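# Overview (structure and organization)
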Amino acid sequence: MFSQFALHERLLKAVAELNFVEPTPVQTAAIPLALEGHDLRVTAQTGSGKTAAFVLPMLNRLMGPAKVRVDIRAVILLPTRELAQQTLKEVERFSQFTFIKAGLITGGEDFKVQAAMLRKVPDILIGTPGRLLEQLNAGNLDLKQVELLVLDEADRMLDMGFAEDVERLAGECANRQQTMLFSATTGGSGLREMIGKVLKDPQHLQVNSVSELAPGTRQQIITADHNVHKEQVLNWLLANETYQKAIIFTNTRAMADRIYGRLVALEYKAFVLHGDKDQKDRKLAIDRLKQGGVKILVATDVAARGLDVDGLDMVINFDMPRTGDDYVHRIGRTGRAGGEGLAISLITHGDWNLMSSIERYLKQKFERRTIKEVKGTYTGPKKVKASGKAVGVKKKKTDGKGDKKGDKKKAVTKGPTKRKSVNRPGAESLVSQDGMAPLKKRVTRPPVAE
Ligand code: AMP
């Protein structure tokens, strides 16, 4: 809960207005330290909620009664115009119940209009280093009374050759009391050098270094006991994972509608897309998702075809797709353009064979993940204990209570460590447990996701 932080009630009101319920990990870690006035060095990705992690403490510091503004009191430096614009929007959203005003200075905009804006003196100045320096050199900018400086995406600013500009601007904010530096990676010697120059005894918070080590899309499975349990796992993921936008795939329209209903009841902003929805609905859903008004889309495969939304960084397969190609298509929605993505498949007993055949089809092994808060009893096919003897010999005995079909299931789904007992290699020999056609054939059929 955001009320755990010592934030001004007007900021908490804005947070509630924005439907932020739980702070993200970076917010939990950074907000209290930032409120105490520490210099911070934070390693966190875009999409982790890092903007609020520095904007909220910044606004808290600047809160006060309405009065004539005479000094710029805080500066946020970012590498690109888009990020600067996005950050301005975020600042405006959080400051909506305050008297705090923010201004934007980036390249590509009218220099004189910017100078006029600077004459009105915003409390917070957000900008890219190059144009800010130009305004400074033109005598339009005074940063001497800046109390708080934030360098966001500092590693990217260095990559873009802004090191000197950033240091110069930091030098202009000579009387600042606090500096926070955010970067997506732990960076190299250039970043260390900058940290040494601009931060004083910083606390280092590292929030998502694991995904940083594994670029592209991480693929995980989480086992579940049944569909109701899957819903619990889904709720946990939506509440606890760090994501910008998520898509939840189901195999049927009915299930998509059911999940959508649950999410709406939980006050998530979501949309549902399936074969019953017309082009207008689809366009509306995608536009809202692109603009970020909606963060969650529940969809069947057919409806999600061709979907290309920036910042879609989490895919949840509530139902396992029926083919390997559908799986590839689904997870291809995320981790685009070198971005990070997370694909999580929820796997019940009935999904296991399909999941493991897709693993073989892709020649990949998905990461097994357990969430202790919502852990069930099913954890995948039981391993056959052979009390020191060959697994193959004991298979039937330990499986005694199962019927013939059950025995066959075990043979097919030994799980990842027992793959040698499965007919390999090649997808053409993969038979799924529910008697569906071999995977290779199924992948060429037209999609029948609903
Ligand atoms: P950022 O990493 O700051 O770019 O944030 C990514 C997205 O997550 C933005 O759309 C934020 O508005 C949103 N966001 C940040 N923190 C939260 C939160 N605690 N709850 C819900 N959404 C959040």
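Residues numbered from 1 in each chain as written. Predicted model: local features only at pLDDT ≥ 70, side-chain atom pairs only at ≥ 80, totals over all residues. Heavy atoms only, no water.

## Structural notes on the nonpolar core
Condition: Among buried residues, those of type Ala, Val, Leu, Ile, Met, Phe, Trp, Tyr and Cys that are joined through side-chain atoms within 4.5 Å constitute a nonpolar core. Any residue under 20% of the maximum accessible area for its type is buried, any over 50% is exposed, and the rest in between are partly exposed; the area is computed with a 1.4 Å probe on protein chains only. Note on contacts: a residue pair is in contact if any heavy atoms of the two residues lie within 4.5 Å.
Core analysis: the biggest nonpolar cluster contains 39 residues, and L56, I76 and I124 have the highest contact counts within it. Among residues more than four places away in sequence, those in contact with I76 are F54, M58, T87, V91, I124, L125, I126, G127 and V150. Ranked by size, the runner-up nonpolar core spans 29 residues in total, among them V75, L77, V166 and L169.

## Description of the packing of helix α2 (residues 25-35) against helix α3 (residues 50-62)
The test is simple: All axes are obtained by fitting lines to C-alpha atoms, using only the stretch in contact for helices, and the reported angles, taken between N-to-C directions, cover 0 to 180 degrees. Secondary structure follows DSSP: runs of H or I at least 4 residues long count as helices, runs of E at least 2 residues long count as strands, and numbering of each begins at the N terminus. Comment on the angle field: the value is read as roughly parallel under 35 degrees, roughly antiparallel over 145, roughly perpendicular from 65 to 115, and oblique elsewhere. Two helices that cross are described as forming a left-handed crossing if the nearer one is turned anticlockwise from the farther one by less than a right angle, and a right-handed crossing if clockwise. Gly is placed with the polar residues, together with every amino acid not listed as nonpolar (Ala, Val, Leu, Ile, Met, Phe, Trp, Tyr, Cys and Pro) or charged (Asp, Glu, Lys and Arg).
For the pair α2 and α3, interaxial distance at closest approach is 9 Å and the crossing angle is 25°. Classed by the angle they form, the pair α2 and α3 counts as roughly parallel. Between α2 and α3 the crossing geometry is right-handed. Contacts from V26, Q27, A30, I31, A34 and L35 of α2 reach α3 at K50, A52, A53, L56, P57 and N60. Broken down by class, the residue content of the contact of α2 with α3 amounts to nine nonpolar, two polar and one charged.

## Looking at the packing of helix α5 (residues 111-119) against helix α6 (residues 129-137)
Here α5 crosses α6 at 70°, and the two axes come no closer than 11 Å. In this view, α5 runs roughly perpendicular relative to α6, as classed from their interaxial angle. The residues of α6 that touch α5, namely those facing F111, Q114, A115 and L118, are R131, E134 and Q135. Here the residues of the contact of α5 with α6 sort into three nonpolar, two polar and two charged.

## Digging into the environment of L312
On the secondary structure map, L312 appears in strand β12 (residues 312-317). The class of L312 is buried, set by a relative accessible area of 4%. Considered as a pair, L312 and Q244 are 68 residues apart in the sequence and their alpha carbons are 6.4 Å apart.

## Overview of the sheet that holds strand β3 (residues 102-105)
Test applied: In this scheme, strands are said to pair when DSSP sees at least two bridges between them.
Strand order in the open sheet formed by seven strands is β3-β4-β2-β5-β6-β1-β7, and the pairing between neighbours is parallel. Edge strands, defined here as strands with exactly one partner in the open sheet, are β3 and β7 (203-206). Pairwise comparison of adjacent strand axes, ignoring direction, gives a mean angle of 15° for this sheet. Pairing between strand β2 (residues 74-77) and strand β5 (residues 148-151): four bridges, direction parallel.

## Some remarks on the packing of aromatic side chains
Test applied: Note on aromatic contacts: the rings of Phe and Tyr and the six-membered ring of Trp form a pair at centre separations within 6.5 Å, being stacked when their planes are under 30 degrees apart, edge-to-face when over 60 apart, and tilted otherwise. Only lysine NZ and arginine CZ atoms are considered, and such an atom sits over a ring when it is within 6 Å of the ring centre and within 35 degrees of the ring normal.
This structure, assessed with the given rule, holds six aromatic pairs. Relative to F5, the ring of F2 lies with its centre 5.9 Å away and its plane at 70°, an arrangement referred to as edge-to-face. Geometrically, the ring pair formed by F2 and F20 is tilted, given 6.2 Å between the ring centres and 45° between the ring planes. One end of the pair, F2, is in the segment before α1 (9-17); the other, F20, is in the loop between α1 and α2, and 18 residues separate them in sequence. Through successive ring pairs, a cluster of aromatic residues spans F2, F5, F20 and F94. The lysine or arginine in question, K13, covers the ring of F97, its NZ or CZ lying 4.1 Å from the ring centre. Across from the ring centre of Y243, 4.7 Å away, lies the NZ or CZ of K295, which sits over that ring.

## A closer look at the pattern of salt bridges
Side chains that differ in charge, positive against negative, can pair when their charged atoms come close. We apply this condition: Salt bridges are defined by distance alone: a side-chain nitrogen of Lys or Arg within 4 Å of a carboxyl oxygen of Asp or Glu.
With the rule as written, the count across this model stands at 18 salt bridges. R131 is paired through a salt bridge with E134; the nearest N and O atoms lie 3.2 Å apart. Note that R131 and E134 are positioned in helix α6 at a spacing of three residues, about one turn of the helix. According to the relative accessible area criterion, E134 is partly exposed, its value standing at 42%. Here E231 makes a salt bridge to R262, at a shortest N to O gap of 3.4 Å. Pair noted here: E231 is in helix α11 (residues 227-240) and R262 is in helix α12 (residues 253-265), with a separation of 31 residues, a long-range link. On the basis of relative accessibility, which here comes to 7%, the residue E231 falls in the buried class. Among the charged side chains, a salt-bridge network with shared partners connects K50, D152, E153 and R156.

## With respect to the sheet that holds strand β13 (residues 341-347)
On the basis of which strands lie adjacent, the open sheet formed by seven strands has the order β10-β11-β9-β12-β13-β8-β14 and parallel pairing. Both edges of this open sheet fall to β10 (270-273) and β14 (367-368), since each of them pairs with a single strand only. In the sheet, β10 pairs with strand β11 (residues 296-300) via four bridges, with the strands oriented parallel. By the bridge assignment for β11, A270 is matched with I296. α12 contacts β9 (245-250), β10 and β11 of the sheet and is inclined by roughly 165° relative to β11.

## Considerations on the environment of Y378
Mapped onto the fold, Y378 is located in the loop between β14 and α17 (391-398). You can call Y378 buried: its relative accessible area is 15%. Separated by 155 residues in the primary sequence, Y378 and T223 have C-alpha atoms spaced 6.3 Å apart.

## Observations concerning α3
How we decide: Here, expected helix span is obtained from the residue count minus one, scaled by 1.5 Å.
Taking 1.5 Å of rise per residue, the 13 residues of α3 would be expected to cover 18 Å, and the 19 Å separating its terminal C-alpha atoms lies within 8% of that figure. Among the 13 residues in α3, 11 count as buried, and that is most of the element. All buried positions along α3 are accounted for by K50, T51, A52, A53, F54, V55, L56, P57, M58, L59 and L62.

By themselves, these figures tell us nothing about what the structure is for.
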